[in-house]
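A look at the structure
Below, each chain spelled out in residue letters.
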Amino acid sequence: MTSPSGHGPYPAPYSGGGAYGYDFTTPAPSAASPVSSISPTGQDGSVGGRRRRTAVPLLASLLGVFVLATAVLAVLYADRNGDYNDRRKVAEQRQEQLARTSSDLKKAQEALARVESDLATAKRDLATSQARADELGRQKTVLWKCLQLLNESAQAELAGNAALAQQKSAEAVPICREALAIPG
């Protein structure tokens, strides 16, 4: 470490090539020699020292405030980043749940469409069956009426009432023709 020429505890470096880069021709400072009180900023030692005395605490305070602000910002960043990650995870879980629910809804809608189709088929089958049952009921009624009229005609003839027997036979002819036309 060197200081400006003639200042400080070390002599100025010797450029002439002495041992270890020092000029051994200049005397070393002794304890009795006075140390210079001239500061690098001015001739009066008190003015530069006072500036240095007010600047160092000011810079140290600013550095402390900067360190505290950095620490606060780092904590806030970590906290906000953690909150963001938590919210992102919750949003992803909700998105997955929504996708599952949407898939389940689609399956339920497809099942509902199948059930509705089956219901429509069942209604058509029921209507067809109902029409067949109505037709069978009508045919049964025709057969029953034909047999009833023939029976009444036979009983009237057995009772000796030829006019009633003839009337019942005349009523039975169109009904029995319809009964004979029934398939099966």
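Just above, that's the structure.
So, a few notes on the structure that sits alongside this text. (Residues numbered from 1 in each chain as written. Predicted model: local features only at pLDDT ≥ 70, side-chain atom pairs only at ≥ 80, totals over all residues. Heavy atoms only, no water.)

**Quick word on the nonpolar core**
Formally: The term nonpolar core refers to a set of buried residues drawn from Ala, Val, Leu, Ile, Met, Phe, Trp, Tyr and Cys, joined through side-chain atoms within 4.5 Å. For the exposure calls, accessible area comes from a 1.4 Å probe over protein chains only, and a residue counts as buried if that area is under 20% of its type's maximum, exposed if over 50%, partly exposed in between. Every helix listed is a DSSP run of H or I at least four residues long, and every strand listed is a run of E at least two residues long, numbered separately from the N terminus. Whether two residues are in contact is decided by their heavy atoms: any pair within 4.5 Å suffices.
In this structure, Val142, Cys146, Leu149, Ala172, Cys176 and Ala179 together form the largest nonpolar core, which totals six residues. Of all the secondary-structure elements, those providing two or more residues to this core are helix 1 (45-158) and helix 2 (162-180). Among residues more than four places away in sequence, those in contact with Ala179 are Val142, Leu143 and Cys146.

**Some details on the state of the cysteines**
Condition: In this description, a disulfide is simply a cysteine sulfur pair whose atoms lie within 2.5 Å.
Throughout the structure, instances matching the rule amount to one disulfide. Two residues, Cys146 and Cys176, share a disulfide whose sulfurs are 1.7 Å apart. What sets the handedness of the Cys146 and Cys176 disulfide is the S-S torsion sign, and at about 105° it is right-handed. Here the residue Cys146 occupies a position in helix 1, and Cys176 occupies one in helix 2, the gap between them amounting to 30 residues. Note on Cys176: relative accessible area 13%, which makes it buried.

**Let's talk about the side chain of Lys168**
On the secondary structure map, Lys168 appears in helix 2. Taking the relative accessible area as the measure of exposure, Lys168 reaches 17% and is therefore buried. Beyond its immediate chain neighbours, meaning those up to four positions away, Lys168 contacts Leu149, Glu152 and Ser153.

**Overview of the environment of Gln155**
With respect to the helices, strands and loops of the structure, Gln155 is situated in helix 1. As for Gln155 and Ala165, which are separated by 10 residues in sequence, their C-alpha atoms are 7.7 Å apart.

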